[in-house]
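Letter by letter, the chains look like this.
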Amino acid sequence: MSNAATQNKGFAAVLWDYLTTVDHKKIGKLYLYAGGLFFLLGGLEAMIIRIQLIKPENNFISAGLYNEMITMHGTTMIFLAAMPLLLGLMNAIMPLQIGARDVAFPFLNSLGFWMFLFGGIMLNVSWFTGGAPDSGWTAYAPLSTQSPGHGVDYYVMGLQLSGAGTLMGGINFLVTIVNMRAPGMTYMRMPLFTWTTFVVSILILFAFPALTVGLFLLMFDRMFGAAFFDVALGGNSIIWQHLFWIFGHPEVYILILPAFGLFSDIFSTFSKKRLFGYTAMVFATILIAFLGFMVWAHHMFTVGMGPVANSIFAIATMAIAVPTGIKIFNWLLTLWGGSITINSAMLWSLGFIPSFTLGGMTGVMVAAAVADYQYHDTYFVVAHFHYVIVGGVVFGILAGLHYWWPKIFGRILHEGMGKLTFWTFFIGFHLTFFIQHFLGLMGMPRRYWVFLEDQGLDTGNLISTIGAFFMAFGVIVFLINAIYTAVKGEKAPADPWDGRTLEWAISSPPPHYNFKQLPLVRGLDPLWIEKMEGKGKMTPAEPLGDIHMPNGSIIPFVMSLGFFIASFGFIYQTNYDIAYIFLFGGMAIGLGSMLVRSLKDDHGYHITKEELEREAD
Amino acid sequence: MLGWMGKFRALFLLGSLALVLSGCGKENLTALVPKGYGAESSMDLIILTTVIMLFVFAVVMVIYVITLIRFRKKKGQEDYIPKQVEGNQTLETVWTVIPILLLIIIAVPTVLATFDLADETDAKDSININVTGNQYWWHFDYAGEEIQTSQDLYIPVGEKVYLNMLSSDVIHSLWVPSLSGKMDVNPENENTMYIEAYEEGVYWGKCAEFCGPSHSLMDFKIVVVSPEEYETWIADMQNVDPEQEPQDTVALEGQALFEENNCMACHAIGSSPVATGPNLTNFGDRSRLAGIKELTKDNLVDWLQDPETIKPGNKMTGKYPALSDEDADAIAEYLLQLQPSDITPESAGN
Ligand SMILES: [Cu+2]
């Protein structure tokens, strides 16, 4: 188990290692790799969409394929790229920030990842089996219940699998933060990224079940002849919209809050100042999360809910602007009076402020119900949520990656390429999406396969497509940077940025047990405190002793594989009886794995004190 | 006489005017030039919120830029450790209270406008039109007038016209940006909205809720005419004799073919409850073919022979025998002659 032994391993051994790992750092990397791949896929779909819209009445792709593209672009970016990339960062960093050796349930952690990955694969298999889902990422009934072929079935099963994975991840983080904080790490000493992970886990816990229920109803309607959403048989299609948005709106905060958290850490580190208004920041986070559950129907102002409901949801939505505004000003005041270093991680964070503020502004604008009668379902809304999700979440992920890359991979990303990525992506982003506000108001609804000639929409769409190419260029540079860094990148010291929080107190990358001795936390920004008091490193909170570690296991992989196979059975039992073999076979594998896991005792293993002493600091 | 400078100035003004206009989009389509009650209410709020939000944005940007200029690490400051400030009660209160005030300024008119637009007390005394959204066309039934149309909705200027909307299949959303915001057209419950146009003209309408492959091709028009013209149009539509035979032989043959080829199963001419396809009573007066294409004979023949390429996924494809060139031509001739009224999109300024 020493470092030397892990170095010269063959490919098969590495593969096996990753298939069975329960180490939060490796699972974090797996999330990043998988999320990265899906991000590229979703990006490719976006480029195809933008090429189709480069000129009026274009015929680059057919209407049917276009609808598959927009559906898969949205679904992929939200569920398979943004979520897992954030989960990857949380996995890799959060346990380090609270001074823990791993998460609370390492086995569950691995299961969560494999469920997500198989769900993602499931969704994308549909491309090769007769067509991807084509009812939009929101899958409104009855369009989704009536969509021919199996595309939407793949959507249902794929999201059910990956959603279950996310739910597990959320529960796991929650328990980890409640139970595994190092001595002295009180709640009000946790870094903001940990705080947001905590709050987001609560959001996941309450929001995802609504999606699960909705997906089950859709599944019954499509695969087993139920009629929950079938108006002709007494069902109601609006119920889907409620279920979807009761999940969908908190989902937006599930994505943005971790970004808020890591920006807080980054601003504070690179301005060498304590986060301004820490307590306010924490409570703003909690308030945003709470209000996030109260506003789902602002996606439904035009459904015909009546003026009372529309007014209530409009006001509740506007209220969210207050805690969000508090955050923006606290960040600005963190920078104010600091000693600001601008590197790639900081560029993304600084780029975030104006971009996200614009997204927040249009958020208040779309909250004004009567104004939304014009914005709704147009490119204005497309622009709004891309300002929030790209300008907030994607910028956040990229900032986080540049910031923590050394900690996760042990090497520092190339600065020059990092800056080039930022500038091309940043300019491209505003080129692509700013003009879309106007396109929407000029009469272009969203999800339009073509726009007609002579409707004044040509120039705007052309500009938008040009911008998309800039963004694509930026992403390619980032990829080159990642590969270059892996091969030739500068090796990272433990603390490359003069950090303030616990993750910078151990080597980069950390040993698999993270902390040889759990650190004693004496306040907010624990490492910074020790630096200021001249010690420069953490005081151990315990004597050197044996460390208990969990064993790796292939069961999570096998279990997910079982449910993956069963999903095909569910989909195809509507056409072929033979599919029942897959259904029952897959379920047998999945449930069998659960049984094995329950019956087989696995006590893990110990790293002895002697082994630890032998390893150099 | 204009001097050189004068000409230049006129040109400049004209140019910038065109720029401004094109910047706002196409007239009678764009929401940025409102010409109806609903669109105007929305626009008022859009302007109010934009102004307030731009103010907030400006404040943020000023602080942001000053911070970045003043506090960037400078040469020789490598070891400088700034003061570790925990927070500032006064400041934090200020940026909590001021946004709340700003939001109240937005919230009050929002709520007022929401209730105002939902006020439907005068529906009974107004013109009511039952609208059915279909994949990918709109059916308009003038309640009590025995008139059904499609694609073009005729309404009088300056009057509230109530639309009672229901979908026959998936969810659609009716949107005429220049006249009014949108309202979903659901399969389960009837939604009502009203339109009140300030100016005569032909306005573009669109489907705003994703409804399938031809979602982007579900356009329609609202033809706003004077009240007198509206009365004339109603009378003209009511006086149509569906059996009436066309004058020339080709069209006459077309009429027979129209009956022989199953077209009547979905398309009615004259008032009829049939609504599986657009009512074609005034087809020759349409502003566009199928809502999108220029109404020419060539386009119509193309449509009749292969509607799928024009509107993917439409519900007409494959439901009638394939038409030979002559047959399609004859039917087209017949359909284009269905022009019961002098009040048309063209006369309304299309
Ligand atoms: Cu539609």
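Residues numbered from 1 in each chain as written. Chains lettered and ligands numbered in written order. Predicted model: local features only at pLDDT ≥ 70, side-chain atom pairs only at ≥ 80, totals over all residues. Heavy atoms only, no water.

(A) Broad picture of the UniProt feature "domain: Cytochrome oxidase subunit II copper A binding" (unreviewed entry) in chain B. Mapped onto the present numbering, the UniProt feature "domain: Cytochrome oxidase subunit II copper A binding" (unreviewed entry) falls at residues 124-236 of chain B. What you have in residues 124-236 of chain B is 9% helix and 52% strand, and the ends, taken at the C-alpha atoms, are 24 Å apart. (UniProt positions renumbered as here; feature names shortened; annotations may be inferred. Helix = DSSP H or I, 4+ residues; strand = E, 2+ residues; numbered from the N terminus.)

(B) Seen up close, the sheet that holds strand E3 (residues 147-150) of chain B. Residues and elements named next belong to chain B. Pairing is mixed across the open sheet formed by five strands, whose spatial order is E3-E2-E1-E5-E8. Of all the strands in the sheet, just E3 and strand E8 (191-195) have a single pairing partner and so form its edges. The mean angle between the axes of side-by-side strands here comes to 25 degrees, regardless of whether they run parallel or antiparallel. As paired elements, strand E2 (residues 137-142) and E3 share four bridges and run antiparallel to each other. Residue pairing in the sheet places Asp-141 in a bridge with Gln-148 of E3. Along the sheet, helix H4 (residues 227-238) makes contact with strand E1 (127-134), E2 and E3, crossing E3 at roughly 100 degrees. (Pairing = 2+ DSSP bridges. Axes fitted to C-alpha atoms, helices over the stretch in contact; angles between N-to-C directions. Contact = heavy atoms within 4.5 Å.)

(C) Region of the structure containing the packing of helix H18 (residues 555-572) of chain A against helix H19 (residues 579-599) of chain A. All names here are of chain A. Between H18 and H19, the least distance of the axes is 7 Å, while the angle of their chain directions is 155 degrees. Comparing their axes, H19 and H18 come out roughly antiparallel. Viewed along their axes, H18 and H19 form a crossing whose handedness is left-handed. On the side of H18, the interface is formed by Ile-555, Val-558, Met-559, Gly-562, Phe-563, Ile-565, Ala-566, Gly-569, Phe-570 and Tyr-572, while H19 contributes Ala-579, Phe-582, Leu-583, Gly-586, Met-587, Ile-589, Gly-590, Leu-591, Ser-593, Met-594, Val-596 and Arg-597. Its residues assigned to classes, the contact of H18 with H19 comprises 16 nonpolar, five polar and one charged. (Parallel < 35°, antiparallel > 145°, perpendicular 65-115°, else oblique. Left-handed = near helix turned anticlockwise from the far one by under 90°. Nonpolar A, V, L, I, M, F, W, Y, C, P; charged D, E, K, R; others polar.)

(D) Structural view of the pattern of salt bridges. Tallied over the full model, the rule gives 20 salt bridges over all chains. A salt bridge links B:Lys35 to B:Glu27, with the nearest nitrogen and oxygen atoms 2.7 Å apart. Of the residues examined, B:Lys35 reaches a relative accessible area of 8% and is grouped as buried. Three or more residues joined by partner-sharing salt bridges are found here, namely A:Lys272, A:Asp495, A:Asp498 and A:Lys531. (Salt bridge = Lys/Arg side-chain N within 4 Å of Asp/Glu carboxyl O. Buried < 20%, exposed > 50% of the residue type's maximum accessible area, 1.4 Å probe, protein only.)

(E) The UniProt feature "domain: Cytochrome c" (unreviewed entry) in chain B, seen in detail. Within this numbering scheme, the UniProt entry marks residues 249-339 of chain B as carrying the feature "domain: Cytochrome c" (unreviewed entry). Secondary structure across residues 249-339 of chain B divides into 41% helix and 4% strand, with the first and last C-alpha atoms of the span separated by 17 Å.

(F) View of the coordination of the copper ion. All names here are of chain B. Those protein atoms acting as donors to the copper ion are His-172 (ND1), Cys-207 (SG), Cys-211 (SG) and Met-218 (SD), and they sit at 2.1 to 2.5 Å. Taken together, the four donor atoms surrounding the copper ion define angles of 92 to 124 degrees at the centre, an arrangement classified as tetrahedral. Counting gaps between the donor residues of the copper ion yields the pattern H-x34-C-x3-C-x6-M. Here Cys-207, found in strand E9 (residues 201-207), pairs with Met-218, found in the loop between E9 and strand E10 (220-225); they are 11 residues apart in sequence, far enough to count as distant. For the pair shown, Cys-207 and Met-218 are each scored as buried. (Donors = N, O, S within 2.8 Å, 3.2 Å for Na, K, Ca; no water. Tetrahedral: all angles 85-135°; square planar, octahedral: opposite > 155°, others 65-115°.)

(G) Quick peek at the packing of helix H10 (residues 278-292) of chain A against helix H11 (residues 307-335) of chain A. Residues and elements named next belong to chain A. Here H10 crosses H11 at 155 degrees, and the two axes come no closer than 9 Å. Comparing their axes, H11 and H10 come out roughly antiparallel. Along this stretch, H10 crosses H11, giving a crossing that reads as left-handed. Here Ala-280, Met-281, Ala-284, Thr-285, Leu-287, Ile-288, Leu-291 and Gly-292 of H10 come into contact with H11, specifically with Ala-319, Ile-320, Pro-323, Thr-324, Ile-326, Lys-327, Asn-330 and Trp-331. The residue makeup of the contact of H10 with H11, split by class, is 11 nonpolar, four polar and one charged.

(H) Representation of empty space enclosed by the protein in the model. Residue and element names in this part refer to chain A. Taken as a whole, this structure holds two cavities of 30 Å³ or more when the rule is applied. The computed volume of the largest cavity comes to approximately 110 Å³. Around the largest cavity sit 13 residues that line it, and Pro-191, Asp-265, Ser-268, Thr-501 and Asp-525 are the ones nearest its centre. Ranked by residues supplied to the lining of the largest cavity, first place goes to helix H9 (residues 238-270) with four residues. Looking at the second largest cavity, its volume works out to about 40 Å³. Lining of the second largest cavity is provided by Asn-343, Ser-344, Ala-345, His-402, Ile-412, Leu-413, Glu-415 and Trp-497. When grouped by side-chain class, the residues that make up the lining of the second largest cavity number four nonpolar, three polar and one charged. (1 Å grid on protein atoms, 1.4 Å probe; cavity = no way out; pocket = protein on both sides within 12 Å on 5 of 7 lines; lining within 4 Å. Points joined across faces, edges and corners; volume = space filled by probe spheres on them.)

(I) Summary view of the confidence of the model for chain B. Residue and element names in this part refer to chain B. Here chain B averages 91 in pLDDT, and 93% of its residues register 70 or above. At the low end of the mean pLDDT range in chain B sits helix H1 (residues 4-23), at 56; at the high end sits strand E6 (residues 172-176), at 97. As a predicted assembly, this complex carries a pTM of 0.94 together with an ipTM value of 0.92. (pLDDT = per-residue confidence, 0-100.)

(J) Spatial organisation of the UniProt feature "domain: Cytochrome oxidase subunit I profile" (unreviewed entry) in chain A. Per the UniProt entry, the sites bearing "domain: Cytochrome oxidase subunit I profile" (unreviewed entry) are residues 10-522 of chain A in this numbering. Secondary structure over residues 10-522 of chain A splits into 69% helix and 1% strand, and the C-alpha atoms at its two ends are 43 Å apart.

(K) Region of interest: a nonpolar patch on the surface. Residues and elements named next belong to chain A. The grouping of Ile-54, Trp-423, Ile-427, Leu-462, Ile-466 and Phe-470 at the surface amounts to a nonpolar patch, some 510 Å² of accessible area in total. At the level of elements, helix H15 (415-441) and helix H16 (458-488) are the ones that each hand at least two residues to the nonpolar patch. With three residues, H16 is the single largest residue contributor to the nonpolar patch. Tracing the sequence through the fold places Ile-427 in helix H15. (Patch = residues over 30% accessible without salt bridge, like charges linked within 9 Å, V, L, I, M, F, W, Y side chains within 5 Å. Areas by Shrake-Rupley, 256 points an atom, 1.4 Å probe, with all protein chains shown as cover.)

(L) Representation of unusual backbone geometry within the structure. Omega for the bond connecting A:Ala141 with A:Pro142 falls within 30 degrees of zero, at 0 degrees, which places this linkage in the cis form. Take A:Pro142: it is sitting in the loop between helix H5 (106-125) and helix H6 (143-146). Of the consecutive residues B:Gln135 and B:Tyr136, the connecting peptide bond is found in the cis state with omega at 0 degrees. Positioned with a positive phi, A:Asn514 is a non-glycine residue whose angle comes to about 65 degrees. The residue A:Asn514 is located in the loop between strand E2 (490-491) and helix H17 (526-532) in this model.

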